[in-house]
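Coordinates in review
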Amino acid sequence: MGSGYRVTVLTLFPELVTEYFRTSIVGRLVERGDVVPEVVDIRDFTTDRHRSCDDAPYGGGAGMVLMAQPLAAALESVDARARHVVFPTPAGLPFVQGDAQRLAGLDGMVLICGRYEGIDQRVVDEYVDEEVSLGDYVLSSGELAAMVVMDAVYRLRDGAIRRESVVEDSFQDGLLEYPHYTRPETILGRRVPEVLLSGHHERILAWRRRKQLERTACRRPDLLQRVALSEDERVFTEEILKGEKDNGRNQGS
Ligand code: ADE
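Quick look at the structure, then. (Residues numbered from 1 in each chain as written. Predicted model: local features only at pLDDT ≥ 70, side-chain atom pairs only at ≥ 80, totals over all residues. Heavy atoms only, no water.)

With that out of the way, let us pick up the site of the ligand. Around the ligand, a shell composed of Pro88, Thr89, Pro90, Val132, Ser133, Leu134, Gly135, Tyr137, Val138, Leu139 and Ala145 is seen. Take Thr89: an N or O atom from its main chain is 3.1 Å from a nitrogen atom of the ligand. In the model, a nitrogen atom of the ligand is placed 3.2 Å from a nitrogen or oxygen of the Gly135 main chain. Protein burial of the ligand: of its 260 Å² of free accessible surface, 95% is covered by the chains. At a threshold of 2 Å from the grid points, most atoms of the ligand map onto the second largest pocket. When contributions to the shell around the ligand are tallied by element, the ones reaching two or more residues are strand S5 (85–94) and strand S8 (130–133). Looking at the shell around the ligand, the element that brings in the most residues is S5, giving three residues. Grouping the amino acids of the shell around the ligand by side-chain chemistry returns eight nonpolar, three polar and no charged. (Near = heavy atom within 4 Å. Polar contact = N/O pair within 3.5 Å; in protein donor to acceptor, adjacent residues only side chain to side chain. Areas by Shrake-Rupley, 256 points an atom, 1.4 Å probe, with all protein chains shown as cover. 1 Å grid on protein atoms, 1.4 Å probe; cavity = no way out; pocket = protein on both sides within 12 Å on 5 of 7 lines; lining within 4 Å. Sits in = over half its atoms within 2 Å of the grid points. Helix = DSSP H or I, 4+ residues; strand = E, 2+ residues; numbered from the N terminus. Nonpolar A, V, L, I, M, F, W, Y, C, P; charged D, E, K, R; others polar.)

This is the structure we're talking about:
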């Protein structure tokens, strides 16, 4: 893979992020040097006796704001002006698989973990290259958001997981994934769909594709607009959308 992916995380809770880098797939990547993590405690860059990092918002209102000074000093300490800086925030652009792919193609990134009501906008204006949102809900821990972004990026790097797993992922082809089964053939009174036991590769592929189309039409019709479908597939998904077919909202088969 060449040299390691350098990821720097600026946080008020370094222990949360440090633990993440020790665990599971990321832990292995770090051990191998494929990922080079750096966790920076924003509080180390405070200048006052109380080591304060937050203050009341100008203009009034609820909550506190992460102050510009310690965050800017922390960013300077990691040469952030010369690097790609990502700030996860519910006010960002939606973070999608294509963004993970783009970030995986860089040599690293700097992530800012927000806390409180937000961070002083002047830091965003000065240092941040992109603001990304995970979805239309608000987390209290920017660390969780940063970990989600990191995780989506790492698993796309060579050697993180089997290449075929990435190719077969949901969203990689723009559709939701088909359902999965493993042994035994019958459990909880439910049997594996017969086609998966048939050994007939083409029929299995066709069944999986149909399941993907069903699920996507049913749960995320917005995704269908961006996917190239054959004429048959287009007709099939339209029937589902019109409610003319059993939509299998929760069902595997
Ligand atoms: N921080 C808090 N909530 C978030 C969200 N939904 N997406 C990204 N960052 C966040």
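Structure shown, so let's carry the discussion forward.
Within the open sheet, the five strands sit side by side as S2-S1-S6-S5-S8. Their pairing is parallel. What marks the edges here is a single partner per strand, and that holds for strand S2 (35–41) and S8. For this sheet the average axis-to-axis angle between neighbouring strands, irrespective of direction, equals 35°. Where S5 lies against strand S6 (residues 108–112), two bridges are found, and the strand directions are parallel. Across the sheet, residue Val85 finds its bridge partner in S6, namely Val110. Relative to the sheet, helix H1 (residues 14–22) contacts strand S1 (5–11) and S2, its axis offset from that of S2 by approximately 170°. (Pairing = 2+ DSSP bridges. Axes fitted to C-alpha atoms, helices over the stretch in contact; angles between N-to-C directions. Contact = heavy atoms within 4.5 Å.)

Attention now moves to the pairing of S6. Of all five residues in S6, five are buried, a share of seventy percent or more. Residues Gly108, Val110 and Ile112 of S6 are buried on one face, and the alternating residues Met109 and Leu111, pointing to the opposite face, are buried as well. Bridging between S1 and S6 involves five bridges; their strand directions are parallel. Bridge pairing in S6 places Leu10 opposite Ile112. (Buried < 20%, exposed > 50% of the residue type's maximum accessible area, 1.4 Å probe, protein only.)

With that out of the way, let us pick up the nonpolar core. Within the largest apolar cluster, 27 residues are counted, with the highest numbers of intra-cluster contacts made by Val7, Phe21, Leu103, Met109, Leu111, Met150 and Tyr154. Secondary-structure elements contributing two or more residues to this core are S1, H1, helix H2 (24–32), helix H4 (97–104), S6 and helix H6 (142–154). Ranked by residues supplied to this core, first place goes to H6 with seven residues. Those residues in contact with Val7 that lie beyond four places of it in its chain are Phe21, Val35, Val36, Pro37, Glu38, Met109, Leu111, Met150 and Tyr154. Counting residues in hydrophobic clusters, the runner-up holds 21 residues, among them Val40, Cys53, Phe87 and Tyr127. (Core = buried A, V, L, I, M, F, W, Y, C linked by side-chain atoms within 4.5 Å.)

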